[in-house]
Structures are given as structure tokens and as C-alpha cells.
Amino acid sequence: MKFSRNTLPAIVSAQYKEKMINYVSRIKRAEMFEDGKMSSYMKIDFLDGTTGLWVSKEGQSDFVHYCESFAGKRPCPHLGCALAISEIAAGKIERFALPKDPDELQTFISSIPSSEFEDVSEAFDIPGTSEEEEPAVTPVTPAPATSAPSPAPISSSKPKRDWKGGWTEVEKYLLSQGIDRRLFVRIRDKRKSVCDLVAPTPMSIDPVAPATPYQGKMLERALRHIVMGKSLLLIGDKGSGKDTLVNTIAWILGYPLYLQTGHKGYTSETIVGENMPTGNGLEVAFKYTAYATCVMNGGLVHFAELNMLMPDATSIFHSVYDDNKQLSTPLGTVPCHKEHLFIASINVGDHYGGVKALNAALKDRLAVLHLPYTADFKFLIESKTGLSDRHVLQWLEDIKNQIDLLYATEGAGDEARTVRGYIDAATYLKEFGINDQTKIEAIEDFVINKCEDREERFAIRNQLRMSVWKSLPKTKEEEEYENGAA
């Protein structure tokens, strides 16, 4: 190998202490006796796929590394990172060693038993990837319910869940979404805390990876708010991915998930729970809702259609999400769990009846995110359904765009602006084949016919005939209408 003295100024190490998280993916360390003397090795894996090895033995400290920049005597961020890591570890790199090619470097690294290395990434604030995943802890079996439950139905035994289980998959997904590496550390720490402090209950859903995790920058914004301790309000039209975003957050952070849906019959008391028959004669007992169970035991509660609640009912949330962090229940006031996360969602659109304006005091306690309409429609349909025919995917997107255009220009067809409808249509086509008849059936039954208003259905069909689907036949109902039938 070629050796050169380390002549980089001390300021380089200081600079890379702050930004090495943007270059380094994992750090492993090994110490062993060789020929009666202690040798130390620090293996540094970089995000660009290259590797370096800091070797300290026999009074000499070298950093062995190969990349095209270093080999070409151009600026190399890997050297700066290695200097920063060595300084944090109370060491000093005296020489840089350049192998003749990457294979020579790998041969040198493989000469050290891999079993001797241990992951020390966390000591350098690097969110290291777990290489082995252990099985999840079996959910806690709750104690039998009684007719007089305590104010907080918290399990007396909450074994810690292993936060590393599934973290490799989570990390790959976060990297694919361009999540800032500095945020990784806080996401990792949040996941550790959730897994340490929150156990599943019979009302919760275990966090699992969605078939198609959320795609888009709103994920990073939501995670930033959450690690700051804020709960969220998601606002968006159907198809904007509110449910997917919630499920993705639960998976990333390891939250047991609770679901509750708002309706106008709720009061501030029944949002928390109500007396229910026990099955023992006329005896009743108070049963907590999913929302209250989540507040007291920890977890993520998705409170959907929050604007269906009457305005006075939402006052129950105020003391939970201000500095008091207390929930008032018919059995007394109880503290909010440290790892409770509230995500409310509301739909927008003229066709949603019975919705109320949200209480300003509640909105003031939440971070409010307006989710954009589905950004990559074809990717979403393909990943959700497995339909891969490029022509059909483009045809579905063209239909969607025309219905969106009709709604934007004439205010018609809002009920047909349903991403779920297109997913169902694509599934139908994949299942029964793609031909003129199945295309008509899929779009009519899952998209156009969602509009109850007859004239809106006719307007959609006419819009499609004039643009992307000239062969769409007229229905008997259309012909009768054009001929003057009522």
C-alpha cells in the first residue's frame, strides 16, 4: 500500500464532526491481542457504499481507504469523517494508506474476524442499522375486567419491545424518502422510547409496514413535529393518503395503533367511554374508548373525521394537548402517557355533509398539515394492485385528470374523484383481463357511478368521450335523457 502523512489541518476534523452523519452509515470496532500486543480496528461504512478501516497497532495509527476521489488525489469527505471519528475516540490518525484497488482493501478487512467487531455507531450519534432482528414480544395479556375499573386501565407488566426488530427495513425506507440523516437519530431515539414504554392492548393494532408506505415530503414534516412532541391534524381530500401516512408513522416509530371515528352523536363524555352491560344481569361497567385507552396506555390514536364532532364535544381534548396533559374521565382525571400520539384527520370537499368548523382552541394545540392530492398516481396504482401495463396505467391517469379538470372548471364529478375507486378498477382489470367490456365495467362501477347525481354522471361520460375515451358507449339512460325523457 502507498502511505502518506496526515497533513490535514485540525479544522477539518471539527467541520466533519458536525456533518459526518451525512456520510457515515455504520461504525464497528474490534480490539484483540496480536503477537502479545493490543491492536485496535475501527471499520467505517459510508453511505456511498465505500469502506474505510482505522488501524492502531504497534504505536502506529493508519486509516486505510479506497475511493476514486482519494485515489485521484481529489478532495475526499471520507478522510475528514475518519479524522472526526478518531478524535471523538481519543485517538489520532498519523497516516493515510491507499490500497491499489478496492479488492485489496476488502482482502485486508476480511483478514480480521468479523465476529470480533461490535457496532458502536450510537456512540458517535450515527443511527446504525441493526443486522439481526429478534422476534417481537408477545402482547401483554390484560387482567380480567371488573365492574369497577380503575381510572387508568394500565397493564401492571409491560415488557420492553425490541426497537431493532424491523429497523433495517424502516431505515431503508427513510433513506429512499430522502429523510435528513440528523433526523434519523431522533427518530431512532423516539422508536426506542416507544418500544420501552408502550405495550399493546386488546384494542390496539400492531405496527406493521404498509403494503405501500407513504410517499412524499409530508412524511418528513410530520416526523419533525412528532419528535418535538406535537400531535397532528391532517387535512386533505380523499386519496391524499391520510390513512397511509398514519399507518406509516406507526410502523416507523413502533406505535401500537388505535382507531376512532368521529360522529355527531359523540359528547365530551362518550368520546372517553360509557357504561356498558357486563353480561351479569343488570350490572353495567364503564368501558373506555380506543381514544381514552391510548391516552392512558400510550400509543398512536388516529381520530378520523374529527370535524364530524359537535364543537362543544372537542373541548375534552384541550387539557390533554396543552401543558396540563390530563384527561378528564367520569372516573376521575388521569395523566396522559408520555408516549401518547394523537393524529386527527378530516376530509375536505363539498360532498361531505354534517361537518363542523373545528374549534380554534383545538387547532392551536396541533401541528396542521394539508396533504396534497396523490403525487404519483401511476406508481400508487401499480404498487397497490400489481397492475403493470403501462398503457392501462396511463389510461387510468388520463381519466383521473379529465375528471379532476371537470371538477375544477364546472364543479361537477367530485364524488368520482376517488383514488380508492381507481385502485378497485385496476384490481378488477388485473383479475378479469383488459378488454373493452372490462374497462367499461371497471370505470363505471368504481368511478363514474360514485356520483349519485345523474347529470354529473352524464357530464363525466361526455368529458371522457371528448378527450381520452372516444369509444365509451352511451348508456340507455343517456339516450333517453337526450331524447327528452324525464
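Everything discussed here concerns the structure shown above.
Residues numbered from 1 in each chain as written. Predicted model: local features only at pLDDT ≥ 70, side-chain atom pairs only at ≥ 80, totals over all residues. Heavy atoms only, no water.

Here we look at the environment of His225
Looking at where His225 falls in the secondary structure, it is placed in helix α7 (residues 218–227). Sequence-wise, His225 and Ile381 are 156 residues apart; in three dimensions their C-alpha atoms are separated by 29 Å. (Helix = DSSP H or I, 4+ residues; strand = E, 2+ residues; numbered from the N terminus.)

Observations regarding the pairing of strand β16 (residues 367–370)
Only one face of β16 is buried: it carries Ala367 and Leu369, and the other face, with Val368 and His370, is open. For strand β8 (residues 232–236) and β16, the ladder comprises four bridges, and the chain directions are parallel. Bridging from a neighbouring strand, Leu234 pairs with Leu369 of β16. (Buried < 20%, exposed > 50% of the residue type's maximum accessible area, 1.4 Å probe, protein only. Pairing = 2+ DSSP bridges.)

Observations concerning the sheet that holds strand β6 (residues 95–98)
Strand order in this open sheet of seven strands is β1-β6-β5-β4-β3-β2-β7, and the pairing throughout is mixed. With one partner strand each, in any of the chains shown, β1 (2–5) and β7 (118–119) form the two edges of the open sheet. In terms of strand pairing, strand β4 (residues 51–57) meets strand β5 (residues 60–65) through six bridges, oriented antiparallel. The residue of β5 that forms the bridge with Ser56 is Ser61.

Concerning the nonpolar core
Counting residues in hydrophobic clusters, the biggest one holds 39 residues, and the most contacted among them are Val24 and Phe63. Only α1 (10–19), β2 (24–34), β3 (37–46), β4, β5, α3 (77–88), β6 and α4 (102–110) provide two or more residues apiece to this core. Counting residues per element, this core draws most heavily on α3, at six residues. Not counting residues up to four positions away in its chain, the partners in contact with Val24 are Ile44, Asp45, Phe46, Leu47, Cys81, Ile85, Ile126 and Arg181. (Core = buried A, V, L, I, M, F, W, Y, C linked by side-chain atoms within 4.5 Å. Contact = heavy atoms within 4.5 Å.)

A short note on the sheet that holds strand β9 (residues 257–261)
The five strands are arranged β9-β12-β15-β8-β16 in an open sheet whose pairing can be described as parallel. Both edges of this open sheet fall to β9 and β16, since each of them pairs with a single strand only. Across the sheet, the axes of successive neighbouring strands diverge by a mean angle of 20 degrees, strand direction being ignored. One ladder, built from five bridges, connects β9 with strand β12 (residues 299–304); its direction is parallel. When the bridges of β12 are listed, Leu259 appears paired with His302. The strands touched by α7 within the sheet are β8, β15 (340–347) and β16, with β16 carrying the most contacts at an inclination of about 175 degrees. (Axes fitted to C-alpha atoms, helices over the stretch in contact; angles between N-to-C directions.)

A few points about the pattern of salt bridges
One pass over the full model with this rule turns up 24 salt bridges. When the shortest N-O distance is used, the salt bridge between Lys43 and Asp45 registers 2.9 Å. Judged by its relative accessible area of 19%, Lys43 is buried. Classification of Asp45 by relative accessible area gives buried; the value is 12%. A salt bridge links Arg181 to Glu171; its shortest N-O distance comes to 3.8 Å. One end of the pair, Arg181, is in helix α6 (residues 181–197); the other, Glu171, is in helix α5 (residues 167–176), with 10 residues separating them in the sequence. In terms of burial, Arg181 and Glu171 fall into one category: buried. One network of salt bridges, with partners in common, ties together Arg26, Lys43, Asp45 and Asp119. (Salt bridge = Lys/Arg side-chain N within 4 Å of Asp/Glu carboxyl O.)

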